[in-house]
Amino acid sequence: VLYSIAVAILSLALAPVYDGLERKIRAAIHTRIGPPILQTWYDILKLFTKEIVVPVGGIWYTLVTALELLTLIASSTILLHISSYGLGKTALLEAVTFIVLTSIVTTLAIVRAVSQNNVFSIVGGFREFSLMLSAEPFLALSFLLLASGAGSLASKSIATAVLAISSYVISGRVPYDIAEAEPELASGVNIELAGPLLGLATTSSVLKKLVSATLTALALTSFVGLSGFSSLMAVVIATPITWVTHTIVSTILGRSRVDLAIRFLYVSLFSLSLTLVLSFGLGL
Amino acid sequence: MKNESVLSNTVKVLEGLGAVVEEVKDSEVYLRATRESVRAVAKALYSSGAYLRTCAGVDERELSGMLAVYYIFGLDEQGVDVVLRVLVPEGDPWSASIVPDVPAADWCELEVRDLLGIDFRGRLTKRLVLPEDWPDGVYPLRKEFKYDEKPSRVLREELPEEAGVPVGPYHPALHEPEYFELYVEGEKVVDIAYRGFHVHRGIEKLAESQRFTYKQVLYIAERICGICGIVHAFCLTQATEDIIGKEIPKRADYIRTIGLELNRIHSHLLWLGVAAHEIGFDTLFMYVWRDREMVMDVIEDFTGNRVTYALMTIGGVRRDIPQEKAERILKVMDLLDEKVRKYKKMCLDERTIRMRCDGVGILRKEDAIALCAVGPTARASGVPFDVRADDPHAAYDEIPFRVVTYDTCDVTARLLVRIDETLESISIVREAIKRMPSGPVRIRVPRVVPTGEGVGRTEAPRGEVIHYVRANGTERPFRWKVRAPTLANLLSIPVMLTSRGDYVVNIADVPITFASIDPCLSCTDRAIRFIDVSSGKSWVWTFSQIKRMYWRD
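Throughout this document, residue positions are counted from 1 along each chain, in the order its sequence is written. Both sets of labels track the order of writing: A upward for chains, 1 upward for ligands. Totals for whole chains, interfaces and linings use every residue, but because this is a predicted model, local features are given only for residues with pLDDT of at least 70 and side-chain atom pairs only at 80 or more, for both listing and counting. Note that water and hydrogens are dropped before the side-chain values are worked out from all heavy atoms of the structure.

## Some thoughts on the overall build of chain A
Threshold: Starting at the N terminus, helices and strands are each numbered in turn, a helix being any DSSP run of H or I of at least four residues and a strand any DSSP run of E of at least two. Every radius of gyration here is taken over C-alpha atoms, with the globule rule written as 2.2 Å times N^0.38, N being the number of residues. In this scheme, a residue with accessible area under 20% of its type's maximum is buried, one over 50% is exposed, and one in between is partly exposed, where area comes from a 1.4 Å probe on protein chains only. Contact definition: two residues touch when any of their heavy atoms are within 4.5 Å.
Secondary structure summary: chain A contains 10 helices and zero strands in total. Counting helices and strands in the order they occur from the N terminus, chain A gives α-α-α-α-α-α-α-α-α-α. Over its C-alpha trace chain A gives a radius of gyration of 18 Å, about what one expects of a compact globule, namely 19 Å for 284 residues. Its C-alpha atoms give chain A principal-axis dimensions of roughly 55 × 40 × 40 Å. Going through the 284 residues of chain A one by one, you find that 55% of them count as buried. Considering only intrachain contacts with a sequence separation of at least 6, the fraction spanning at least 24 residues in chain A is 80%.

Structure follows, in structure tokens:
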């Protein structure tokens, strides 16, 4: 329990710092100075000092937002727990729990968005829903296969590729930030949020990025075959590197459109997953 | 005047339809038609290849005892403007509308109706420019209405609140205030309605006040736009000089050309950044705006200002370009040339840009012509209309340049037209500096402008800007009419944003399509109202309705 609490606190503390690093790197690519690395922390703290403006939906809405954050913390904690003994040696129950928690996070985010009587929030929520339907099944498939430890190097590589793409999608970065898409939906799923509620949503958002980066880091480090503390350390070191890679990818791309994004994800992830399943089925 | 024989044949046809020739100038023909015959005359003009630049209402009761509507057509192949005047008695103020034959006259007729009280028959009418609470029967462009008068507000029945889908009063995609109604099925846009003019500033009326002389009105003109104010100042000087009838020094022509082209470079780069932001490509946005600073610095170095340059004056320009400044401009042009070519390559090669822009915001050539679209919007639909080439002014007749056109008619075409035009502008600036003659940069002109009419026009970054001035022998304009290019291009927006057949418009395409005409409005408004077209009804969406619609899709 103490370990889990420590991991949760560490996740909450580190994610905004990584996000600050992302902003700094993006600014550097843009040839801007950018905000300080701790800016995301300052933003979140400032938001929590503001008055609470509860949108339509009242306390229930607040609970959903808080629950989303708690689930993400749990999800992040499980992921680091899995890291401590390597992805290929994961107990099935833990892997399934992680997948279920990820789905709960997505569901809560969608419920939060569509429960508002605001068309942009609703459109954003349904965009998120479409996007998640195109990515999460593949994320679940690849994660469970990697967690099982079965398969050849080739099939593990394909599973890692599927996991990397689908986990990038759940991070909500460009080109898949269509649920928020500022020029189209005026912040979409977050349009009704302000003050502490926006603080909760912002924390959730950076934690999602942390989970996304940790997932890819976990899959990549599993190739080294480490276990125990060295495996955990490898993931802890690989996570910010993955985060930086995500940052660079998102900075050099533009936003997609919901139909284009879904088409691309289905085509790429479905064909990769089909190859993956066939390679497992044929024992390659 | 080019093709004089063709023009005289056209005029003969118009005379046969009841038009009377009032005056023929080198580049303008002034005709008069009765309010009954105006539609037939306009139809014949339009059929002969003329396009409608704008129309203007003038309260001429002091001069002719009548109200008047001026339709300004352009016959570019003949190199003339045809100004068609219709006189309307004050006691029975109506005229036949030309909109059934010339759809581009839609908004300018409504503007005349709102501001001058002339009714147009044979078309649908509605209030366009005046706010909802403006009293009936009060027409701000009539001379008895004081420029600083504030009529009492009239409370009307409140419009139904379009909650459920509020976008405003501000929307990130709309940098200025306007209002759209998008008719959608799921994410597919099937129709659109527009309501603008929320911040009508009454600048034309202000210019008629006793406070301003022609030269002072120039400063107001320059403040029409925060991006291309120089073109408005230029057009007003052009129209005024047209009435005065004096040639300005050649060096001033070249300096004006340099000013106009530097402005085009900064405006197109600004637009490219905004367009990149609309499709979420912020890196391109940052790079372009960073490089745009170079041209802004050059403009500041040259004129002393970054935005309102105060360069133009009636009779020439207020600033010369000494040799050392010319060299600095050339140096920046070299740097920009390289950068802009890189951006062009990026726009052609980058998959994200192509996916979001190819086949989006289609405006077919025939639609662009019918709606009298102007500038890059028209040229991206294959219409080679460019005032600089069609009616050379300033030094454009002495500097070779290419009129850039593309024929894919989509957002990509508009993007490429602007990038290529930036390169052309760089070339024009270089050439103008190279060829610029020595000599004075302005002449003295009388404060009192003789009675007459003048038309000034140039190719602004967004398209043709046109200014019409009616002078009455005083030092103040009797009537000053401005038509900015956005007014002409906005009429094309519903065509671009309406799905038809295989052409599907998504909600996500709306910001970049709207941005593709490079709109310049003034700030506000709010809602996008979603309406079910299958039933033809509009309603306030509830959560459950929206959920049902999405699940259905």
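## Comments concerning the pattern of salt bridges
The condition that has to hold: Salt bridges are counted wherever a side-chain nitrogen of Lys or Arg sits within 4 Å of a carboxyl oxygen of Asp or Glu.
In total, this model carries 65 salt bridges over all chains according to the counting rule given. Salt-bridge contacts for Asp177 of chain A lead to Arg255 of chain A; the nearest nitrogen and oxygen are separated by 3.1 Å. Of the two residues, Asp177 of chain A sits in the loop between helix 6 (153–170) and helix 7 (182–185) while Arg255 of chain A sits in the loop between helix 9 (228–251) and helix 10 (258–281), which places them 78 residues apart along the sequence. For Asp177 of chain A, a relative accessible area of 14% gives the class buried. On the basis of relative accessible area, Arg255 of chain A is assigned to the buried category, the value being 6%. Note that Arg263 of chain A is salt-bridged to Asp259 of chain A, the shortest N-O span being 4.0 Å. With Arg263 of chain A and Asp259 of chain A both in helix 10 and four residues apart, the pair spans about one turn of that helix. Residue classification places Asp259 of chain A among the partly exposed residues on the basis of a relative accessible area of 25%. Linked by salt bridges that have partners in common, Glu261, Arg264, Arg379, Asp386, Arg388, Glu421 and Glu459 of chain B make up one network.

## Some thoughts on a positive patch on the surface
Where we set the bar: Only residues whose relative accessible area exceeds 30% and that take part in no salt bridge are eligible for patches, with like-charged residues grouped when within 9 Å of each other and nonpolar side chains (Val, Leu, Ile, Met, Phe, Trp, Tyr) grouped when within 5 Å. The Shrake-Rupley method, run with a 1.4 Å probe sphere, supplies the accessible areas, and residue values consider only the shown protein chains as cover. Under this rule, positive means Lys or Arg and negative means Asp or Glu; His and the chain ends count for nothing. Just so you know, the charge point we use is NZ for Lys, CZ for Arg, CG for Asp and CD for Glu.
The grouping of Lys215, Arg318, Arg319, Arg442 and Arg444 of chain B at the surface amounts to a positive patch. Residue placement: Arg442 of chain B occurs in the loop between helix 14 (411–435) and strand 12 (452–460).

## Some points on the sheet that holds strand 14 (residues 477–483) of chain B
Residues and elements named next belong to chain B. The test is simple: Strands qualify as paired when DSSP identifies two bridges or more between them. What counts as an axis is a line fitted to C-alpha atoms, over the stretch in contact for a helix, and the angles between N-to-C directions run from 0 to 180 degrees.
The antiparallel open sheet is built from three strands, whose spatial order is 12-13-14. The open sheet has two edge strands, strand 12 and strand 14, and neither has a second partner. Here the strands of the sheet are splayed against their neighbours by 15 degrees on average, with no regard to which way each runs. Where strand 12 lies against strand 13 (residues 463–471), nine bridges are found, and the strand directions are antiparallel. Considered in strand 13, the bridge of Ala460 is made with Gly463. Of the strands in this sheet, strand 13 and strand 14 touch helix 5 (residues 214–222), which is tilted by about 25 degrees from strand 14.

## Some thoughts on the sheet that holds strand 1 (residues 20–24) of chain B
Sheets are built from strands that pair by backbone hydrogen bonding, the pairs being arranged parallel or antiparallel. Residue and element names in this part refer to chain B. Read across the sheet, five strands follow the order 1-2-5-4-3 without closing on themselves; strand pairing throughout is mixed. Lying at the two open borders of the sheet, with one neighbouring strand each, are strand 1 and strand 3 (51–60). Adjacent strand axes in the sheet meet at a mean angle of 20 degrees when their direction is disregarded. Two strands pair when backbone bridges link them, and strand 2 (residues 28–33) and strand 5 (residues 80–88) are joined in this way by six bridges, in the parallel orientation. What sits directly across from Ala33, in strand 5, is Val86.

## Comments concerning the packing of aromatic side chains
Residue and element names in this part refer to chain B. As a reminder, the rule being used: Classification of ring pairs uses Phe, Tyr and Trp, with its six-membered ring standing for Trp, and accepts pairs whose centres are within 6.5 Å; under 30 degrees between planes counts as stacked, over 60 as edge-to-face, and the remaining range as tilted.
Considering all chains together, one arrives at nine aromatic pairs over all chains under this definition. Relative to Tyr468, the ring of Tyr70 lies with its centre 5.1 Å away and its plane at 40 degrees, an arrangement referred to as tilted. One end of the pair, Tyr70, is in strand 4 (residues 66–75); the other, Tyr468, is in strand 13, with 398 residues separating them in the sequence. Among the residues examined, Tyr70 registers a relative accessible area of 1% and is labelled buried. Seen in terms of ring centroids, Phe285 and Trp289 are 5.1 Å apart; in terms of plane orientation they differ by 65 degrees. Their pairing is edge-to-face. A residue pair is termed a helical-turn pair when its members lie 3 or 4 positions apart in one helix, as Phe285 and Trp289 do in helix 8 (residues 282–303) at four residues. The class for Phe285 is buried, based on a relative accessible area of 17%.

## So, the pairing of strand 14 of chain B
All names here are of chain B. Where burial is concerned, most of strand 14 is hidden: seven out of the seven residues are buried. Of the strand pairs in this sheet, strand 13 and strand 14 are connected by six bridges, and their pairing is antiparallel. Pairing of Ala471 across the sheet is with Pro477, part of strand 14. Joining the antiparallel neighbours strand 13 and strand 14 is a turn of five residues, in which Gly473 adopts a positive phi near 80 degrees.

## Here's the deal with helix 5 of chain B
Along helix 5 of chain B, the residues that are buried comprise Tyr214, Val217, Leu218, Ile220, Ala221 and Glu222 of chain B. Buried positions along helix 5 of chain B lie against helix 4 (203–207), helix 6 (229–244), strand 10 (312–313), strand 13 and strand 14 of chain B.

## What about the confidence of the model for chain B?
All names here are of chain B. To keep things clear, this is the line we draw: As a per-residue measure, pLDDT tells how confident the predictor is, with possible values from 0 to 100.
The predicted model of chain B has a mean per-residue pLDDT of 83, with 87% of residues at 70 or higher. The lowest-confidence element of chain B is strand 16 (residues 531–532), averaging 42 in pLDDT; the highest-confidence one is helix 14, averaging 94. In the predicted structure, residues 549–553 sits below a pLDDT of 50 and forms nine contacts with residues beyond four places in sequence or in another chain. Per the prediction output, this complex has pTM 0.81; the corresponding ipTM is 0.82.

## Observations concerning the confidence of the model for chain A
With 98% of its residues at a pLDDT of at least 70, chain A reaches an overall mean of 85. Predicted confidence in chain A is weakest over helix 7 of chain A, with a mean pLDDT of 74, and strongest over helix 2 (residues 39–49) of chain A, with 93.

## Things to note about a nonpolar patch on the surface
Residues and elements named next belong to chain A. A cluster of nonpolar side chains, contributed by Leu133, Tyr266, Phe270, Leu274, Leu278 and Leu282, occupies part of the molecular surface with about 610 Å² of accessible area. For the nonpolar patch, the element with the highest residue contribution is helix 10, accounting for four residues. For Leu274, the location among the structural elements is in helix 10. In this structure Leu274 comes out as partly exposed when scored by relative accessible area, which is 44%.

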